[in-house]
Amino acid sequence: MHVPDGFINAPVSLATGLVAVAGLAVCLRGAQRELDDKTAPLAGLVAAFIFAVQMLNFPVAVGTSGHLMGGALAAVLVGPYTGVLCVSVVLLVQALFFADGGLTALGTNIVLMALVTAVVGYTITVLAQAVLPNVRGSLVPAAALGALVSVPAAALVFVLLFALGGNADIPLGEVVAGMTGVHVLIGIGEATITGLTVGSILAVRPDLVYAARRYRQDLAIHHAPAR
Amino acid sequence: MSSPPSLVVEGLAFAYPDGHQALYGVDLTVGRGERVAVLGPNGAGKTTLVLHLNGILTGGRGRVEVAGLPVAKTNLAEIRRRVGIVFQDPDDQLFMPTVREDVAFGPANLGLRGPELADRIEEALALVGMAGYADRPPHHLSYGQRRRVAVATVLAMRPEILVLDEPSSNLDPASRRELADILLALPVTILMVTHDLPYALQLCPRAVILDDGVIVRDAPTYDLLCDDATMAAHRLELPFGFDPRTVARPTG
Amino acid sequence: MSGGHTHQLYVEHETLVHRLPPQCKLIAVLTFVIAVVSTPRSAVWPYAVYAGALAAVAVLARIPAPLILRRMVVEVPFVVFALLLPVISRGPRVDVLGVSMSESGLAAAGILLAKGTLGVVASILLAATTRPRDLLLGLQHLRMPQLLVQIMTFMFRYVEVVLAEMGRMRVARESRGFRARNLGQLRVLAHSAGALFIRCFERGERVHLAMLSRGYSGRLPTLDGAQARSTDWAVAACLPAAAVLASAAAWFAVGR
C-alpha cells in the first residue's frame, strides 16, 4: 500500500524525505560503480520489470489477494544499490504519473518500500546464506526468508512513523501487534513468490542473479607437472 | 587509386569468455556499394560476426577494416560512425522518448548540434519515408514503421556500411516490400544477415554462407539458392512453393 | 494498484493548463499539497477552498469529472485503513450504526480522507495535463540528478513493452486453463516472473549494445525543452497561492 498525502505530518514527512534523498544518492553512486555506463538502460528495464511484476496478484488468504512489493526480490536479483534505485524509480513514477502514493509522502514511501524492504531483505538473505550450505540452491530459502522478514519490517517502520507523525490517537501496542500479524501473512506470499522466482532464474541464468555471485567457481588452474 | 573496400574481414576468430568458440577464421571482403547477404543456420556465428564489425566484441584473432580504417580501441568512435548496425528488434534500437530524439542520438554523439543536427534528422527520416513522424513516441508506431525508423537512426550517422540483422523478421508483406524498396534505393553498402532467402535474393546480388564459424561459400545469391546440395548441407531451406529458377535472374 | 496503460494518462487538449511548462506545474502541485497537508487539525472550511481550487483547474483544463473519479480507485486501500481508524482509536466514543467509534478517530479519519483525496486529485490533474516526456523534462529542469531522470526515461520507454510481454505470458498460461486460485499455483506465476526478469535484463543489455553501436560513450543527451517565463510561474502560482492563503488563515484563526 502506498502512503498517501496527509497520513504522516509535515515534519516527519520532511525527515523521511531527507533520508530518502540521502539513500538515493548513496544508491546512485553504488549502482554506477557496479553497472558503469550500463546503469541507465539496465536499471530502467529492471524498474519496468518491478512495475510489471507488482501487478501480478496472488491469493493471500480466502477471498483476498496481495501483490508483490518486490524490494527484497530486486535487491537479491540486481544487488542492494541498484535494487533500491529501481524500486524508488517505480515509486516516483507511480506517484507522479499514476497518483499512487502522495507527493509529500514520496520520501516516506521510498524509505518504507525501497530502502527498508531492500536493505532488510538483502541483509537477511546474506546472513541466511552464511548459515546455509555453500551451494547455489541455498539462495532460494535465503531469499524467501529475506522477503518474509522485509514485509513486517516495513510495516513496523510505518507504525513507528505513524506514531511520530500520524494524525490520530491510536493505541500503539495493539497496532504494532495487529500490523505485524497481518504483514507476516502477506510476507508469506511475498516470500513464496520471491523464492520461487529467484529459483526459476537460477535454473536458467544463474549468472544474472547478484546474490548468487558468491557461488561462482573460480577458474581452474592446472599446473604443469615439474620437469 | 580506387577507394578501399567498405569492409575487409581477415582470419577473424573469436571465443567467448566461457570458452565457447564462435568464429574460426572468417574472411570476407565487401566492395563499396555492394549488397551482400550473410546466410547460415542458427548458431553459425552470424551475430558474433556482426558485433565484431563495430568493435563491440574484440580480443580474438584476425583483423577487421572499415573503408581502410582498422577496428581498434583507439578509433572506435569513427568505426561506429562508419558501421551502422540495425538490430533485429526495433524496440531495442529505439530507446529514446520520441523518434526525433532517437534519430538524433547517433549524430549528437558525433558532436553535431543545432541546425546541422536537425538537417541530419530530416534527411534520415525522409530516406525511410517517415518524415512526418519525428515527434511520435516509438511505441505508438507499427512494427514496420519502427523497423524503418531504426534504419533511419543509423542512416543519420551517414555510415559507410549498413549492417542489418534479420531486417524482414516480423514484418507483414506490405511492410516487407516497403522496406525492400527503401533499402534498394539507399546509396550505401549493405551487409544483411538473414534467414529470409527470397528477401536475400531480391535485395542482394551476392551471398555468403557462414557455418560453424567460417565462410563456406561465397557466390551470386541466385547461384547459391539454386545449388540444392550446398543448401541442404547448411540447413538452408527455401520456403514452400518458392523456386528461385522461376524468379527473373536479378541484374546487379 | 497502478493499473491501466501509460498512454491513457494524458488527456489531449489545448488549454492554458496543458501549455504551462511542466516544471511550473510540478512546483505548483507540490506546494499545493504541502499547504493542504499543513492545515491545522481543527479547521474544516479550508478544505472547501482546496477542493474549489482543484475544481477550477479541472474545468480550465477540460478534464471531465468521471475520468478523475475513475482514476481515484488508487485510493481504495487507503480508504479501508481510514475507515478502521475510528474503530481502533482511543478517547470518548459514539455509536454509529450500532458500532462503537472513537470521536477523535472519526475526526481524524475524515481529515485523512480529505487530505489524501485532494493529493490524489491534484496528481491526477498533473498527469492528465502533462505528457510523460514533459514531466521528465520538468524534473530535469528542477535539478533532479541526470542519472535518475535517465533511468525514469528508460523505464517509461519500456514499461509498455514489458507489460505487453507479461500480457502474452498470461494469455499463454490461461490458454492452457491456468487460473491463480491457491498458493500452490504461485509456482507458475513465479516462473512467469522469472522469465520476465530474464527478458528485461537481456533487453537492457541489447539496448546498451544498440547505444554503443551509435557512439554512446557514457553520456546521454539531455531532453530539450523551453525555459519557463516569469508569466508561466505567475499563472501556475494561482493554485498553490489559494491553498497557502487558506491554510495560513486557518493557522491564524487557531492562534488567536
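Thresholds, definitions, all that
- Residues numbered from 1 in each chain as written.
- Chains lettered and ligands numbered in written order.
- Predicted model: local features only at pLDDT ≥ 70, side-chain atom pairs only at ≥ 80, totals over all residues.
- Heavy atoms only, no water.
- Pairing = 2+ DSSP bridges.
- Helix = DSSP H or I, 4+ residues; strand = E, 2+ residues; numbered from the N terminus.
- Contact = heavy atoms within 4.5 Å.
- Axes fitted to C-alpha atoms, helices over the stretch in contact; angles between N-to-C directions.
- 1 Å grid on protein atoms, 1.4 Å probe; cavity = no way out; pocket = protein on both sides within 12 Å on 5 of 7 lines; lining within 4 Å.
- Points joined across faces, edges and corners; volume = space filled by probe spheres on them.
- Nonpolar A, V, L, I, M, F, W, Y, C, P; charged D, E, K, R; others polar.
- Buried area = accessible area lost by both parts, 1.4 Å probe.
- Salt bridge = Lys/Arg side-chain N within 4 Å of Asp/Glu carboxyl O.
- Polar contact = N/O pair within 3.5 Å; in protein donor to acceptor, adjacent residues only side chain to side chain.
- Patch = residues over 30% accessible without salt bridge, like charges linked within 9 Å, V, L, I, M, F, W, Y side chains within 5 Å.
- Areas by Shrake-Rupley, 256 points an atom, 1.4 Å probe, with all protein chains shown as cover.
- Buried < 20%, exposed > 50% of the residue type's maximum accessible area, 1.4 Å probe, protein only.

A.B. asks: How should I be thinking about the sheet that holds strand β5 (residues 69-70) of chain B in this particular structure?
C.D. replies: What links the strands of a sheet is backbone hydrogen bonding, and the strands pair in either a parallel or an antiparallel sense. Residue and element names in this part refer to chain B. Taken together, 4 strands build an open sheet; the order of strands is β2-β1-β4-β5 and the sheet is antiparallel. The sheet is open, and its two borders are formed by β2 (21-30) and β5, each paired with just one other strand. One ladder, built from 7 bridges, connects strand β1 (residues 7-15) with β2; its direction is antiparallel. Bridge pairing in β2 links A13 to Y24. Across the sheet, helix α1 (residues 46-53) lies against β1, β2 and β4 (61-66), angled at about 120 degrees from β1, the strand it touches most.

A.B. asks: Just checking my understanding: could you explain empty space enclosed by the protein for this structure?
C.D. replies: According to the stated counting rule, one finds 2 cavities of 30 Å³ or more in the structure shown. What the largest cavity holds in volume is close to 80 Å³. The wall of the largest cavity is formed by M96 of chain B together with Q140, Q146, V149, Q150, T153, F154, L220, P221, T222 and L223 of chain C. With 5 residues, helix α8 (residues 146-175) of chain C is the single largest residue contributor to the lining of the largest cavity. Looking at the lining of the largest cavity residue by residue, the classes come out as 6 nonpolar, 5 polar and no charged. The space that makes up the second largest cavity amounts to roughly 30 Å³.

A.B. asks: Explanation requested: the interface of chain B and chain C in the structure shown.
C.D. replies: Think of interface size as the accessible area that goes away when the parts come together; that is how it is often given. At the interface, 27 residues of chain B touch 24 residues of chain C. Between chain B and chain C the total buried area reaches about 2,200 Å² when both faces are included, carbon and sulfur atoms providing 59% of it. Three residues, D92, F95 and F105 of chain B, lead the burial of chain B against chain C; their summed loss comes to 29% of the area buried on that side. For the interface between chain B and chain C, the tally reads 6 salt bridges. Among the salt bridges present, the one from R206 of chain C reaches D92 of chain B, with a minimum N-O distance of 2.3 Å. Viewed at the interface, chain C and chain B are joined by 11 residue pairs in polar contact (both at pLDDT 80 or more). Among the elements that make up the side of chain B that touches chain C, the one with the highest residue count is helix α4 (residues 99-109) of chain B (5 residues). Taken together, the residues that form the side of chain B that touches chain C break down as 13 nonpolar, 8 polar and 6 charged.

A.B. asks: How do you make sense of a nonpolar patch on the surface when you look at a structure like this?
C.D. replies: On the surface, V73, V76, V80 and L84 of chain C cluster together to form a nonpolar patch covering roughly 340 Å² of accessible area. On the secondary structure map, V76 of chain C appears in helix α5 (residues 76-88).

A.B. asks: Whenever I open this one, the pattern of salt bridges confuses me. Can you help?
C.D. replies: A pair can form between side chains of opposite charge whenever their charged atoms are brought close. A complete count under the given rule lists 31 salt bridges over all chains for this structure. With a closest N to O distance of 3.1 Å, R63 of chain B and E10 of chain B form a salt bridge. Of the two residues, R63 of chain B sits in strand β4 while E10 of chain B sits in strand β1, which places them 53 residues apart along the sequence. For E10 of chain B, a relative accessible area of 39% corresponds to the partly exposed category. The shortest N-O distance in the salt bridge between D218 of chain B and R206 of chain B comes to 2.8 Å. Pair noted here: D218 of chain B is in strand β10 (residues 214-220) and R206 of chain B is in strand β9 (residues 206-211), with a separation of 12 residues, a long-range link. We classify D218 of chain B as partly exposed; its relative accessible area is 42%. Among the ionic contacts, a cluster of salt bridges with common partners joins D89 and D92 of chain B together with E165, R203 and R206 of chain C.

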